[in-house]
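Here are the chains, one letter per residue:
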Amino acid sequence: MTTVNKALAIMAIITIALVAYAFQTAQLPPATIEYKEVFYMNNQSVTFITKDGFGLFTMEIEPKISSFELRIEFPEGTSYLVRYGDETYRGTGTFKIKVSKDSLPNQVYVQFQLPKELTRKVIYEGESPEIRIVGEQVPFWHAEDIIYIKYRKEEKS
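Described below are features of the structure shown in this document. None of these values were measured; they are calculated from a predicted model.

1. Quick look at the overall build of the protein chain
Here comes step 1: Along the backbone of the protein chain there are two helices and 11 strands.
Here comes step 2: When the helices and strands of the protein chain are read in sequence order from the N terminus, they spell out α-β-β-β-β-β-β-β-β-β-α-β-β.
Here comes step 3: For the protein chain, the C-alpha radius of gyration of 21 Å lies well beyond 15 Å, the compact-globule estimate for 157 residues.
Here comes step 4: If one aligns the C-alpha atoms of the protein chain with their principal axes, the spans along those axes are about 85 × 35 × 30 Å.
Here comes step 5: The buried share among the 157 residues of the protein chain stands at 31%.
Here comes step 6: Across the protein chain, every contact between residues at least 6 apart in sequence was considered, and the portion connecting residues at least 24 apart equals 65%.
Here comes step 7: Total accessible area computed for the protein chain in this model is approximately 10300 Å², and 54% of it derives from carbon and sulfur atoms.
Here comes step 8: Across the protein chain, the 18 positively charged side chains and the 20 negatively charged ones have centroids separated by 3 Å.

The following block contains the structure:
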């Protein structure tokens, strides 16, 4: 093997390694998500709960790809009601659905209720549990948002 062929082989191996690394680390968002009832405070996205632990927010989704998995991970023991299109989903823990570029409307209404003990910690101890929203289609479409849950104290006049 000549020196030129060895150099070309080494360059090819390096190029393949770099392309494999790029595929492994690339994270492009599968959709643009705009939130309502979520506020930006102290460099964090925040949604507020009531004294009984209820909270809600809306997501407007504009898919960039044909279909992807949308996952909403709630704090442990949290019950949710999610409305997507004509469907209503109830459960606890993690919510998953496939979002299609063709499905309209792309609004997701999310209502949740924290368990009593966690609600107490949020209100009286200032704890900030999080809701993790993940959009993903393997191999390289991936986006994560974190929404912190807080309680807004009412000011008395």
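So that's the structure; there's more coming.
2. Structural notes on the packing of aromatic side chains
Here comes step 1: Going through the model one piece at a time under the given rule, you end up with seven aromatic pairs.
Here comes step 2: Centroid distance Tyr-80 to Phe-95: 5.7 Å. Interplanar angle 75°. Geometry classified as edge-to-face. With Tyr-80 in strand S6 (residues 79–84) and Phe-95 in strand S8 (residues 94–100), this pair connects stretches of sequence that are 15 residues apart. Pair check on accessibility: Tyr-80 and Phe-95 agree, each one buried.
Here comes step 3: Grouped by ring-pair contacts, the aromatic residues Tyr-35, Phe-57, Phe-74, Tyr-80, Tyr-89, Phe-95 and Phe-112 constitute a single cluster.
Here comes step 4: Seen from the ring of Phe-39, Arg-152 lies directly overhead, with NZ or CZ sitting 5.5 Å from the centre.

How each quantity is defined
Residues numbered from 1 in each chain as written. Predicted model: local features only at pLDDT ≥ 70, side-chain atom pairs only at ≥ 80, totals over all residues. Heavy atoms only, no water. Helix = DSSP H or I, 4+ residues; strand = E, 2+ residues; numbered from the N terminus. Rg over C-alpha atoms; globule rule 2.2 N^0.38 Å. Buried < 20%, exposed > 50% of the residue type's maximum accessible area, 1.4 Å probe, protein only. Contact = heavy atoms within 4.5 Å. Areas by Shrake-Rupley, 256 points an atom, 1.4 Å probe, with all protein chains shown as cover. Lys, Arg positive; Asp, Glu negative; His and termini not counted. Charge placed at Lys NZ, Arg CZ, Asp CG, Glu CD. Phe/Tyr/Trp six-rings, centres within 6.5 Å; stacked < 30°, edge-to-face > 60°. Lys NZ or Arg CZ within 6 Å of the ring centre and 35° of its normal.

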